[in-house]
Amino acid sequence: MSSPDEDWWRTAVVYQVYPRSFADSDGDGIGDLRGLIGRLDHLERLGVDVVWLSPIYPSPQDDAGYDISDYQDVDPTFGSLADLDELLAALHGRGMRLMMDLVVNHTSDEHPWFVESRSSPDSPKRDWYWWRPPREGAVAGTPGAEPTNWESFFSGPAWTLDEASGDYYLHLFSRKQPDLNWENPEVRAAVYSMMRWWLDRGVDGFRMDVINLISKDVGLPDGIVHAGVLGDGTPYVMNGPRIHEFLAEMHREVLHGRDRTILSVGEMPGATIEEAQLYTDPDRREVDMVFTFEHMGVDHAHTKWDLVPFRLVALKTVLGRWQAGLAGVGWNSLYWNNHDQPRVVSRFGDDGRWRVRSAKLLGTVLHLHRGTPYVYQGEELGMTNFPFSGIEDFRDIESLNHHRTAVELGADPEQVLEALRSRGRDNARTPMQWDASPHAGFTTGTPWLPVNPDHTEVNAEAATADDESVFHHYRRLIELRHTEPVVAHGDFSMLLPEDDTVYAFTRSLDDVELLVAANFSGEPVRADLDLTDWADAELLLGNVEPGAGPWDGRLEPWEARLLRRRR
């Protein structure tokens, strides 16, 4: 297990498992906990320290498990609590930790809390959720009668009418995901009790889903209408007035005083660097690190469906600001991929001729930043986006809702599909590619989502057998973080900030300095770097066979170099 000191996560690498798509042990086409247990050798060989497990709780699966109907059990689709206990023991036995997904901004509408809340306006749990009457002067159920004009993140109004009572309930996501009212101390106490239950069971941390949405402006004002008829409620729900109070209370009531350091990671859409400094300041005792989204917006306009060309300068500007902003206090989460993002080699790399080389480059650049790297299942293989042919190929509620709404509003269906193919979350959710067999070794049955046809080439069996594969490159990157202190603890300095082809930076600690230089293009380039002090530097890691003699700054297509020197 990683070092037992208080900040063990600074030298750790986290691997995210999306259990529905990782490994199926019983042939029903859906991944499960026993399938994961059977594949832990792969993660151990890769060298990761923490497994982040996406939700495995009982759920109607309206939003792929992020709509939870029971926080203290395992959905039979994935197994049982006994299976989870076995997974914990197996991970701990291999020196790894388990981080659970914590989804407490909202529950499922089938959770007993909401069922009780909905049963009557006089229910003792009525105030556990956000209930409001129709807008003054409006008739319940008519367009515009919602208490506010907010748009849901999954399209459509953020309020749904309960016809029995005539009131509306708030759901920032699906209508089957009603938002909990964190203003109610009973809600907070129930959540903290549940979290302690998991920690007592042996869980080592929580990734907190959209946790910066739990504090709302209780006035619930209308939002600005940017397009259409619905307004933007994000100024009133993101990083709200009591968010720091709630997180400090959570830390005090749940995380503080345990017999081991618990990892707490806040997913925080819309958080600024200044806010992240507060969230992750160790003295404030809120969370250890945040997931920022700003770098995931460099290739879209108003929404992620509004595609714009990728520019490296924009990416460097964002990541460079976050590196500088959290250098003195706080900590970064480093990621390209997760269950909500398309495959990075198809997004920022080249998933054709240069797939292997560009996947290695992307891993090198990310893992050498200051922060804790996250590897999403299949990233270590260079898995690519899926070749969706039509809307019938998609499963994700976000994509389906967007397609329906956009087409109803007159958008060109083919342009909508193009955006879904490029940005849709199903790209990340196709089954893990274990081997070249018909369903990639994921299942003996029919997979819930089709396997990418490139699995005959891109799979774990082939990658682990090839010392020059993406897998072994990632393994070496992870090993470097464990053995070279400058990787985890060194200072970061961006180089060539205006170069739209070469990504270059240095890391330094004591007398050791690293130089990373990466060519984000399919053409050879020469990096405009002063290499005077690097003539005798050691090539620590690369993705192209080096030439003879000192490096002169030339980079082959999609080449990444990591050099080390002593000052």
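Okay, so let's go over this structure. Please read all numbers here as calculations on a predicted model, not as lab measurements.

Turning our eyes to something else, we now look at the overall build of the protein chain. The number of helices and strands found in the protein chain is 16 helices and 18 strands. Relative to the globule expectation of 24 Å for 567 residues, the C-alpha radius of gyration of the protein chain, 24 Å, shows essentially globular dimensions. Counting only C-alpha atoms, the protein chain reaches 80 × 55 × 50 Å along its principal axes. For the protein chain, with 567 residues in total, the buried portion stands at 60%. Long-range pairs, those at least 24 residues apart, make up 70% of the contacts in the protein chain between residues at least 6 apart in sequence. Per element, the accessible surface of the protein chain, about 21,200 Å² overall, is 48% carbon and sulfur. Of note, the protein chain has its 53 positive side-chain charges centred 3 Å away from the centre of its 94 negative side-chain charges.

Sheet architecture is open: 3 strands sit in the order β4-β6-β5, paired in antiparallel fashion. Strands at the two margins of the open sheet, each flanked by one partner only, are β4 (131-132) and β5 (159-162).

What follows deals with the side chain of Thr364. Residue placement: Thr364 occurs in helix α10 (residues 355-367). A residue is classified by how much of its surface remains accessible, and Thr364, at 2% relative accessible area, is buried. Within the structure, Thr364 has its side chain in polar contact with the side chain of His473 (distance 2.7 Å). When sequence neighbours within four positions are dropped, the list of residues in contact with Thr364 reads His473, Leu477, Val516 and Ala560.

The next subject is the pairing of strand β1 (residues 14-17). In β1, alternate side chains face the same way, and those of Val14 and Gln16 on one face and Tyr15 and Val17 on the other are all buried. In the sheet, β1 pairs with strand β11 (residues 372-376) via 3 bridges, with the strands oriented parallel. Paired with Tyr15 across the two strands is Val375, which belongs to β11. Pairing analysis gives 4 bridges linking β1 to strand β2 (residues 50-53), with the strands arranged parallel. Opposite Gln16, over in β2, you have Trp52 as the bridge partner.

Let us look at the side chain of Ser123. Inspection of the secondary structure assignment puts Ser123 in the loop between α4 (112-119) and β4. Sequence-distant contacts of Ser123, that is, excluding residues within four places in its chain, are made with Glu116 and Ser117.

A few words on the pairing of β11. The buried count for β11 comes to 5 of 5 residues, which makes it a mostly enclosed element. Across the two faces of β11 the burial is the same, with Thr372, Tyr374 and Tyr376 and Pro373 and Val375 all buried. Taken together, the 2 bridges between strand β10 (residues 333-334) and β11 define a ladder with parallel strand orientation. In the strand pairing of β11, Leu334 is matched with Pro373.

Unlike most non-glycine residues, Gln61 shows phi in positive territory, near 65 degrees. For Gln61, the location among the structural elements is in the loop between β2 and α3 (81-93). Gln61 gets classed as partly exposed once you look at its relative accessible area, which sits at 21%. In the Ramachandran plot, Ala440 falls in the positive-phi region, its phi being about 60 degrees despite a non-glycine side chain. With respect to the secondary-structure elements, Ala440 resides in the loop between α13 (426-429) and α14 (460-465).

Compared with the 18 Å implied by 1.5 Å per residue over 13 residues, the 18 Å span of α3 between its first and last C-alpha is a close match. Restricting attention to buried positions, one finds in α3 the residues Leu81, Asp83, Leu84, Leu87, Leu88, Ala90 and Leu91. Residues of α3 that are buried make contact with α1 (33-37), α2 (40-46), β2, β3 (97-102) and α5 (185-201). Of the residues one or two after α3, Gly95 is the one with positive phi, at around 80 degrees.

On to the pattern of salt bridges, then. Taken as a whole, this structure holds 40 salt bridges when the rule is applied. Taking the shortest distance from any N to any O, the salt bridge between Asp101 and Arg207 comes out at 2.8 Å. One end of the pair, Asp101, is in strand β3; the other, Arg207, is in strand β7 (residues 205-208), and 106 residues separate them in sequence. For Asp101, a relative accessible area of 0% puts it in the buried group. Among the ionic contacts, a cluster of salt bridges with common partners joins Asp63, Lys304, Asp340, Glu398, Arg425 and Arg429.

In spatial order, the strands read β12-β13-β14-β18-β16; together these 5 strands make up an open sheet with antiparallel pairing. Of all strands in the sheet, those bounded by a partner on one side alone are β12 (491-495) and β16 (538-542). The sheet shows a mean angle of 20 degrees between the axes of neighbouring strands, taken without regard to direction. Both strand β14 (residues 512-519) and strand β18 (residues 560-566) contribute to a ladder of 7 bridges, which runs antiparallel. Residue pairing across strands places Ala517 opposite Arg561, the latter belonging to β18.

For the structure shown, the criterion picks out 3 cavities of 30 Å³ or more. Roughly 100 Å³ of internal volume is contained in the largest cavity. Along its surface, the largest cavity is lined by Thr292, His295, Leu319, Trp322, Gln323, Asn332, Ser333, Leu334, Tyr335, Leu366 and His369. Breaking the lining of the largest cavity down by element, the ones donating at least two residues are α8 (312-325) and β10. At 3 residues, the largest contribution of residues to the lining of the largest cavity is made by α8. Looking at the lining of the largest cavity residue by residue, the class counts come to 5 nonpolar, 6 polar and no charged. There is about 50 Å³ of room inside the second largest cavity. Residue lining of the second largest cavity: Asn337, Arg343, Val344, Val345, Ala359, Gly378, Glu379, Gly382, Met383 and Tyr474, and that is the complete set.

Rules behind the numbers
Counting from 1, residues in each chain are numbered in the order their sequence is written. With pLDDT at 70 or above as the cut-off, local features in this predicted model cover only qualifying residues; side-chain atom pairs require 80 or more to be listed or tallied, and sums for whole chains, interfaces and linings still use all residues. Working from all heavy atoms in the structure, the side-chain values ignore hydrogens and water. Secondary structure elements are taken from DSSP: a helix is a run of H or I of four residues or more, a strand is a run of E of two residues or more, and numbering for both begins at the N terminus. When we talk radius of gyration, it's over C-alpha atoms, and the globule rule is simply 2.2 Å times the number of residues to the 0.38. Accessible area is worked out with a 1.4 Å probe on protein chains only. A residue is then buried under 20% of its type maximum, exposed over 50%, and partly exposed in between. Here, residues are in contact when the closest pair of their heavy atoms is within 4.5 Å. Reported accessibility uses the Shrake-Rupley method at a 1.4 Å probe radius. Residues are deemed covered only where the shown protein chains occlude them. We count Lys and Arg on the positive side and Asp and Glu on the negative side, and we leave His and both chain ends out. In plain terms, the charge of a residue is placed at NZ if it is Lys, CZ if Arg, CG if Asp and CD if Glu. We treat two strands as partners when DSSP finds at least two bridges between them. Polar contacts, as used here, are pairs of N or O atoms within 3.5 Å; protein pairs need one atom able to donate a hydrogen and one able to accept it. Residues neighboring in sequence count only if both atoms are side-chain atoms. Multiplying one less than the number of residues by 1.5 Å gives the expected span of a helix. Whenever Lys or Arg places a side-chain nitrogen within 4 Å of a carboxyl oxygen from Asp or Glu, that contact is recorded as a salt bridge. For helices, the fitted axis covers only the stretch in contact; all axes are lines through C-alpha atoms, and the angles between them, taken along N-to-C directions, range from 0 to 180 degrees. A cavity, in this analysis, means grid points on a 1 Å lattice covering only the protein atoms where a 1.4 Å probe fits yet has no way out; a pocket is instead an open set bounded by protein on both sides within 12 Å along at least five of seven lines, and a residue lines either one if it has an atom within 4 Å of a point. Grid points are joined across faces, edges and corners, and a volume is the space filled by probe spheres set on the points. Gly is placed with the polar residues, together with every amino acid not listed as nonpolar (Ala, Val, Leu, Ile, Met, Phe, Trp, Tyr, Cys and Pro) or charged (Asp, Glu, Lys and Arg).

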